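This is what each chain is made of:
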Amino acid sequence: MIEPDSHRFDTRALHAGQRPDPVTGSRAVPIHQTTSFVFDSVDHASGLFNLEISGHLYSRISNPTVAVLEERIASLEGGVGGVCTSSGQAAFHLALATILGAGDHVVASRNIYGGSHNMLNLTMPRFGITTTFVDPRDPQAFAEAIRPETRLVFAETLGNPGIEVLDIAAVADVAHGAGLPLAVDSTFATPYLIRPIEHGADIVIHSVTKFLGGHGVAIGGIVVDGGRFDWAADGKFPTLSEPYDGYHGITFTEEFGPAALSMRARAEGLRDFGGCMSPANAFYLLQGVETLPVRMARHVENTLRVIDMLDGHDAVAWISHPAHPSHPDHDLAKRLYPKGAGAILSFGVHGGRDAGRKFIEAVDLASHLANVGDAKTLVIHPGSTTHQQMSAEDLAAAGVGEELVRLSVGLEDPDDICDDLSRALRASQR
Amino acid sequence: MKFQVDDLTVNAATGAVSIERDEVADAPLVVLLHGAGMDRTVWSQQTRWLAHHDTRALAVDLPGHGGSEGPAITSIGELAAWTARLAEALGGPVHLVGHSMGAFIALEAAAATPDRIASVVLVGVGAAMPVHPDLQTAADADDPLAAALMAGWMHGPDQRFGLNPTPGMSMTGTSRAVIEACPPGVLGPDLAACAAYGGAVDAATVLTCPVTIILGTLDRMTPRKAAQPLLDAMPSATIVELPDSGHAPMMEEPGAVRRALGDHLGRLAV
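None of the values given here were measured: they were computed from a predicted structure. (Residues numbered from 1 in each chain as written. Chains lettered and ligands numbered in written order. Predicted model: local features only at pLDDT ≥ 70, side-chain atom pairs only at ≥ 80, totals over all residues.)

### Focus on the overall build of chain A
Stage number 1. Tallying secondary structure elements over chain A gives 17 helices and 12 strands in all.
Stage number 2. Relative to the globule expectation of 22 Å for 430 residues, the C-alpha radius of gyration of chain A, 22 Å, shows essentially globular dimensions.
Stage number 3. Counting only C-alpha atoms, chain A reaches 75 × 55 × 50 Å along its principal axes.
Stage number 4. Looking at chain A as a whole, 55% of its 430 residues qualify as buried.
Stage number 5. Relative to all contacts within chain A whose residues are 6 or more apart in sequence, the contacts with residues 24 or more apart total 72%. (Helix = DSSP H or I, 4+ residues; strand = E, 2+ residues; numbered from the N terminus. Rg over C-alpha atoms; globule rule 2.2 N^0.38 Å. Buried ≥ 20, exposed ≤ 12 C-beta atoms within 10 Å, placed from the backbone. Contact = placed C-beta atoms within 7 Å.)

Written as structure tokens, this is what we have:
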């Protein structure tokens with residue numbers, strides 16, 4: 001049997017979305033550090049502004065450097081396109097604002113990044129969009145929370161901070177059975193470890209800041225459009241399936257078919273909300289994506305070494321990572337994540353909050369900061385930082401205990417990472 | 001817009017511009033026909049532009065495709081007859097722009113019902129369109145492999161790298177999604193109809209209307225040499241060769257195709 005004519009994943013990480021510049025021969029992606037682009041004629045300008053033709057007109061809407069990153073990540077995910085944003089949270093907001101309106105309802109996993117939880121729980125209700133949070137391990141809970149006004153199902157492929165493994169196909173079946181799209185935040189996994197669209201997800205959101213970028217030098221996000229969801233099926237998604245006065249009555253599903261969501265997100269979302277990615281940041285992030293396969297393989301390898309070390313340490317009360325047999329999703333992770341379930345884990349330090357604080361203050365190599373997915377090993381105490389706005393009740397529901405430490409395993413020599421953590425754990429018990 | 005042909009609903013993208021406005025009542029009617037397993041959206045880079053440039057443009061979904069009611073029609077001859085009835089339903093001779101299977105339909109319709117067809121533009125066409133047996137097998141089984149194979153072959157080899165004229169979009173990803181959305185049981189008969197059609201050169205020989213042929217130099221589904229018998233049969237046709245295009249120039253070099261369409265319609269207006 002013949003095979004499709006396309007490059008494989010590792011090759012696309014380096015090449016998708018780019019060809020050497022035809023004018024200068026530049027092999028690297030040039031940084032098109034410009035706000036705007038010269039029109040050929042009045043007719044050309046009019047066509048661009050009216051979505052008659054495609055091309056670049058103003059860097060808030062699109063930019064050639066940013067477009068390479070968009071096309072590259074869309075290719076890695078198996079989507080039809082992507083829209084990059086100024087941050088991962090801007091991407092989440094762009095997805096919500098493109099699909100939803102006042103009166104709509106979301107069913108979301110309760111084990112998600114604190115900022116995303118705040119957006120759904122506190123901010124979106126001010127705009128008339130409400131959310132019901134459910135256990136991501138229970139597809140039936142998603143089904144039971146769906147209401148007539150529900151328009152979106154949302155979860156993280158690997159939850160935060162408990163690394164709950166989403167059974168993407170099962171939740172996608174629930175969503176699709178109700179005529180709804182499934183959007184996932186796959187920041188912790190990256191397309192190297194899982195490609196959610198292949199499992200039934202319709203929208204994939206990333207904080208590109210994290211493992212995709214990998215170097216910790218630039219903030220960015222992306223919404224990847226799977227292009228498989230039928231937005232016009234039953235009139236539930238008027239932003240995509242009904243005429244839009246913002247472009248002289250265009251109906252995005254009618255004109256652009258599988259690209260409807262991407263086109264609306266760019267044409268309206270970046271035009272009106274303006275959360276665009278800068279060309280320089282796109283360049284930095286592209287440098288990271290080029291090495292994603294080799295970095296993620298090493299991240300996962302180092303993570304397994306760290307888990308082994310923690311597993312035998314007297315100061316460690318528990319470990320939460322799908323690679324550990326105690327994790328509730330251990331078997332599911334083996335099925336869905338044959339290359340490993342990421343490089344973020346959490347663990348509890350004997351002695352509760354005080355011991356956790358001593359541990360954090362005693363690490364030397366690992367950096368205490370509010371980020372994950374850096375090339376360097378990072379640690380944080382979510383209860384006092386990323387999740388601090390959540391109530392005690394919400395914290396408990398999200399599985400964030402006071403003793404919990406979240407670790408993002410980096411690319412240092414694994415022996416050095418283990419030595420640092422082991423020493424800090426001993427210090428935590430004094 | 002939706003309208004009726006043979007008492008079945010036909011869906012067409014019109015660039016969000018009504019073709020029934022008084023001010024365009026005398027503008028040329030341009031009907032764009034998609035290829036096997038695809039739909040109206042393959043023309044998204046031309047439809048809205050045409051609609052805003054003094055034409056009444058309709059990128060139609062063939063029966064059983066996209067938003068048009070089925071059943072799908074399974075031979076080029078019958079599809080051409082349907083197209084003639086569509087022209088009648090629209091109320092006048094139409095300019096046909098066809099891609100791949102749509103080009104065969106346009107060619108056959110113009111030859112069989114010349115009173116209904118004002119001119120034709122053939123995009124990505126050969127004198128014959130043999131289908132690889134593995135592709136036909138996958139399509140007959142509604143295997144997603146068929147969409148992957150077509151999306152890989154229909155664009156020039158450089159599209160493996162991407163750099164889509166539409167910022168942020170993956171061309172092969174979009175093409176694959178369009179074909180995957182084709183209803184079950186439609187792609188296989190579409191491809192079989194292309195492979196079975198042997199009347200292209202005969203139709204070209206009797207054609208009397210103006211013709212433009214747009215060919216991609218990098219076309220791997222209907223290679224350049226496969227079009228030569230057609231070109232020989234239509235010595236007065238205007239030939240536009242696009243060096244960076246494969247089998248789908250309307251996506252790969254959308255601006256060049258818009259210019260070719262504009263030139264074609266402009267020549268007729270003069």
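There's more to say after this.
### Overview of the environment of B:M129
All names here are of chain B.
Stage number 1. Turning to its location among the elements, M129 is positioned in the loop between β6 (117-123) and α4 (133-140).
Stage number 2. Sequence-wise, M129 and C194 are 65 residues apart; in three dimensions their C-alpha atoms are separated by 5.8 Å.
Stage number 3. Discounting chain neighbours no more than four positions away, the residues touching M129 are C194, A195 and T222.

### Observations concerning the pairing of β6(B)
All names here are of chain B.
Stage number 1. Counted residue by residue, β6 has 7 buried out of 7 residues, so it is predominantly covered.
Stage number 2. Of the strand pairs in this sheet, strand β5 (residues 94-99) and β6 are connected by 6 bridges, and their pairing is parallel. The partner of H99 across the bridge, within β6, is V123.
Stage number 3. Read from β5 through helix α3 (residues 101-112) to β6, the crossover connection turns out right-handed.
Stage number 4. Alignment of β6 against strand β7 (residues 211-216), held across 4 bridges, turns out to be parallel. Looking at β7, one finds that V123 is bridged to I214. (Pairing = 2+ DSSP bridges. Right-handed = clockwise from strand over helix to strand, strands pointing away.)

### Digging into the nonpolar core
Stage number 1. If you look at the biggest cluster of nonpolar residues, it comprises 220 residues, and the most contacted ones within it are A:A95, A:V171, A:V223, B:L96, B:A106, B:L107 and B:L122.
Stage number 2. Counting residues per element, this core draws most heavily on α3(B), which supplies 9 residues.
Stage number 3. Structurally, this core is a two-domain feature, drawing no fewer than three residues from each of domain 1 (34-288) and domain 2 (291-428) of chain A.
Stage number 4. Those residues in contact with B:L122 that lie beyond four places of it in its chain are B:G98, B:A103, B:A106, B:L107, B:V211 and B:I213. (Core = buried A, V, L, I, M, F, W, Y, C linked by C-beta atoms within 7 Å. Domains from an automatic or database assignment.)

### Quick notes on the domain arrangement of chain A
All names here are of chain A.
Stage number 1. Segmenting chain A into domains produces domain 1 (34-288) and domain 2 (291-428).
Stage number 2. A C-alpha centroid distance of 28 Å is found between domain 1 and domain 2.
Stage number 3. Contacts between the two partners involve 26 residues from domain 1, matched on the other side by 39 residues from domain 2.
Stage number 4. Going through the elements one at a time, α5 (114-123) and α8 (190-193) are the ones with two or more residues in the side of domain 1 that touches domain 2.

### Regarding α3(B)
Residue and element names in this part refer to chain B.
Stage number 1. Spanning 12 residues, α3 covers 16 Å between terminal C-alpha atoms, matching the ideal 16 Å at 1.5 Å per step.
Stage number 2. With respect to burial, α3 is a largely interior element, 11 of its 12 residues being buried.
Stage number 3. Residues of α3 that are buried make contact with β3 (29-33), α2 (76-90), β5, β6, α7 (187-196) and α8 (200-206). (Expected span 1.5 Å × (residues − 1).)

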